[in-house]
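Okay, here's what each chain looks like letter by letter:
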Amino acid sequence: FWGHGAAIAYPGCLWEQRQGHPGQFASLSQVFCFPVFYVKRTKNHQWRCNEATFSCSSAELCEQWIQVTREQLSLLTNRPKRLLVYINPFGGKRRGKRIYEEKVAPVFQQAGISADVIVTERANHARDHLTTEANLQQYDGVVCVGGDGMFSEILHGLVARTQNDNKVDQNRPGAELKPCMLRIGIIPAGSTDCICFATVGTNDPVTSALHIIIGDSQPMDVCSVHHNDVFLRYSVSLLGYGFYGDVLADSEKKRWLGPARYDLSGVKAFLCHNYYKGTVSFLPAEDNLGHPRDKMQFLCLLVSKWFHSCVAVSSSSWKVICGKFIAINAANMSCACPRSPKGLSPSAHLADGTADLILVRKCSRLDFFRHLLRHTNTDDQFDHSFVEVHRVKKFHFEPLDPQPLLLENQSELPKKPGFCPMGSAQTTCIPSAAHSSWNCDGEILHHAAIQVRLAIHNIAETVKRKIKLRLHLITAKVSCLKALGKTDSALMTHNSLLKC
Ligand SMILES: CCCCCCCCCCCCC/C=C/[C@@H](O)[C@H](COP(=O)(O)O)NC(=O)CCCCC
Ligand SMILES: Nc1ncnc2c1ncn2[C@@H]1O[C@H](COP(=O)(O)OP(=O)(O)O)[C@@H](O)[C@H]1O
Ligand SMILES: [Ca+2]
């Protein structure tokens, strides 16, 4: 695949070409050809696989081109060759298996990628398989075919396996987690698919498959969520209390509706117009990490942060805000999705060690409606007197009224099918009107009082890798152009001129 200086070529084949003017008997001349499949960017961040057929005047030249192309390909070590694929047949519109078989498997095969596919049989099947059984050394990556909840499940499985293998107790607050060496690819087949949408710019399965094939990668912040120093879950997209927590809790009982369940539960939560009393405390991020309303684009800010993050920066002090909140949202990324193309926090960055903490205080239904509506257009959803947003590195939430800690087990809790907290506290909270639940990447956390901190990716390393890859691609293209220069007279593409 020629997406970023990479292509795949089949062995040369004999291909007859008629020459001469239409209507005249064309003299047959033998030419040799090979197809090259390449990634073509189309509108709305969508990618498609195109094909160009090269033809040469001799078998030797054809072989030479195939050899050069394959040599360049082999230098792209970030491209996966063997993947472990988990398909959730239960998520979204329950089309995960079909999406994979019809849209993804064919391009994986074309790119010479082998995949071991597991269709999950229950919730947390993928997590448990990753944590205990999977032989991860034989894979270049794991692929999640599902939505954010499924991605979260695989993330937890990989992180738990990595910590277990390195004897790290992830339940210990402040434990220095070992990085996972395997990447997680996402094929969107869920209901919101915000992690895919916010990183790729679309929730198109073929586009995601092509990103996986050419070895793209995007580091992400991971929030750890604790309750009274007991680890609960990780989050990479939304941690939402109040509105989004209520939406999720209610929608779980309507899973048979598929993605539409969120619309119904969203209207119900809006009409209920619940607010929740509590105290939010947070540690603001340093000034050089930007601000949620600075509207700076991701990459330019990433590079600038890289250069600035090497210098010592002023240490912030904790801020405390008490009040009545309709929604408390921590966006670890923009949380863009088809419902909200710019997301909960359009300027939130993916791997900067911060989250954007959005506090929506008690307001009228009309004002809250206006705020929600701005998520669907270009108006600034933070430009309200009852909304404030802070870029933070850590935050805590404590409800005003302590939650009743009654249950020793989860049996009486209304729970998401198959949901069970990773490291839940020995005692469990029972939902009550005075408390919402946390929406953690689409999983329900019943503990209202939580402590959240950010894992910081090595931004410098990320940018270095991107720059190194770019330099390599330029080198690859120069060598191809040199090769073209030698044989440009004999070489042409049949379908289109491939721009190296
Ligand atoms: C008057 C029109 C109002 C429209 C409001 C639109 C606001 C949309 C904000 C979207 C935020 C999305 C945050 C993503 C959360 C997901 O992780 C989670 C689980 O995803 P998945 O497992 O793929 O289903 N999705 C949700 O919590 C659904 C939130 C929907 C809120 C309407
Ligand atoms: N085979 C299965 N049966 C039931 N639940 C499953 C299965 N596989 C995964 N799950 C669970 O389904 C939940 C939702 O998955 P997800 O792909 O996020 O769909 P959606 O986007 O519709 O929420 C996840 O919490 C996951 O643990
Ligand atoms: Ca972030």
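Because the structure is predicted, anything quoted here is derived from the model rather than measured.

Regarding the overall build of the protein
Step number 1: Regarding its fold elements, the protein presents 11 helices and 21 strands.
Step number 2: Buried positions account for 52% of the 500 residues belonging to the protein.
Step number 3: Summed over all atoms, the accessible surface of the protein reaches about 23,200 Å², with 56% contributed by carbon and sulfur.

Looking at the side chain of His-227
Step number 1: Secondary-structure assignment places His-227 in strand S9 (residues 222-227).
Step number 2: Of the polar contacts made by the side chain of His-227, one reaches the backbone oxygen of Ala-449; its length is 2.6 Å.

Quick look at the UniProt feature "domain: DAGKc" (unreviewed entry) in the protein
Step number 1: This chain's UniProt record puts "domain: DAGKc" (unreviewed entry) on residues 78-229.
Step number 2: For the annotated span residues 78-229, helix accounts for 38% and strand for 20% of the residues, and the straight-line distance between the end C-alpha atoms is 38 Å.

Points about the site of ligand 2
Step number 1: Inspection of the region around ligand 2 gives 22 residues, with Gly-147, Glu-153, Ser-191, Arg-255 and Glu-443 positioned closest.
Step number 2: Within the side chain of Asn-88, an N or O atom sits 2.9 Å from an oxygen atom of ligand 2.
Step number 3: Here Glu-153 contributes a side-chain N or O atom positioned 2.4 Å from an oxygen atom of ligand 2.
Step number 4: Considering ligand 2 on its own, with 570 Å² of exposed area, one finds that the protein chains cover 93% of that surface.
Step number 5: With 4 residues, the top contributor of residues to the shell around ligand 2 is helix H4 (residues 148-165).
Step number 6: Its residues assigned to classes, the shell around ligand 2 shows 4 nonpolar, 10 polar and 8 charged.

A look at the pairing of strand S14 (residues 355-361)
Step number 1: Among the 7 residues that make up S14, 6 are buried, leaving the element largely enclosed by the rest of the structure.
Step number 2: As paired strands, strand S13 (residues 319-331) and S14 are joined by 6 bridges and run antiparallel to one another. The partner of Asn-329 across the bridge, within S14, is Ile-358.
Step number 3: Across 6 bridges, the pairing between S14 and strand S15 (residues 387-399) is antiparallel. Paired with Leu-357 across the bridge in S15 is His-390.

Quick notes on the confidence of the model for the protein
Step number 1: On average, residues of the protein carry a pLDDT of 82, and 75% of them reach 70 or more.
Step number 2: For residues 297-301, every residue scores under 50 in pLDDT, and the model assigns this stretch 10 contacts once sequence neighbours within four places are set aside.
Step number 3: Below a pLDDT of 50 lies the segment residues 408-431, which in the model reaches 70 contacts outside its immediate sequence neighbourhood of four places, other chains included.
Step number 4: For this predicted complex, the interface score ipTM comes out at 0.97, alongside a pTM of 0.83.

Details of the site of ligand 1
Step number 1: Around ligand 1 sit 22 residues in total, of which Asp-148, Thr-192, Asp-193, Tyr-262 and Asn-439 are the nearest.
Step number 2: A distance of 3.0 Å separates an oxygen atom of ligand 1 from a polar side-chain atom of Asp-148.
Step number 3: Within the side chain of Tyr-262, an N or O atom sits 2.7 Å from an oxygen atom of ligand 1.
Step number 4: Where the shell around ligand 1 is concerned, the elements lending two or more residues are H4 and helix H10 (365-373).
Step number 5: Broken down by element, the residue count for the shell around ligand 1 peaks at 3 residues, all from H10.
Step number 6: Residues of the shell around ligand 1, tallied by class, amount to 10 nonpolar, 9 polar and 3 charged.
Step number 7: Here the shell around ligand 1 spans two domains, and each of domain 2 (79-218) and domain 3 (222-305 + 314-457) adds at least three residues to it.

What counts as what
Residues numbered from 1 in each chain as written. Chains lettered and ligands numbered in written order. Predicted model: local features only at pLDDT ≥ 70, side-chain atom pairs only at ≥ 80, totals over all residues. Heavy atoms only, no water. Helix = DSSP H or I, 4+ residues; strand = E, 2+ residues; numbered from the N terminus. Buried < 20%, exposed > 50% of the residue type's maximum accessible area, 1.4 Å probe, protein only. Areas by Shrake-Rupley, 256 points an atom, 1.4 Å probe, with all protein chains shown as cover. Polar contact = N/O pair within 3.5 Å; in protein donor to acceptor, adjacent residues only side chain to side chain. UniProt positions renumbered as here; feature names shortened; annotations may be inferred. Near = heavy atom within 4 Å. Nonpolar A, V, L, I, M, F, W, Y, C, P; charged D, E, K, R; others polar. Pairing = 2+ DSSP bridges. pLDDT = per-residue confidence, 0-100. Contact = heavy atoms within 4.5 Å. Domains from an automatic or database assignment.

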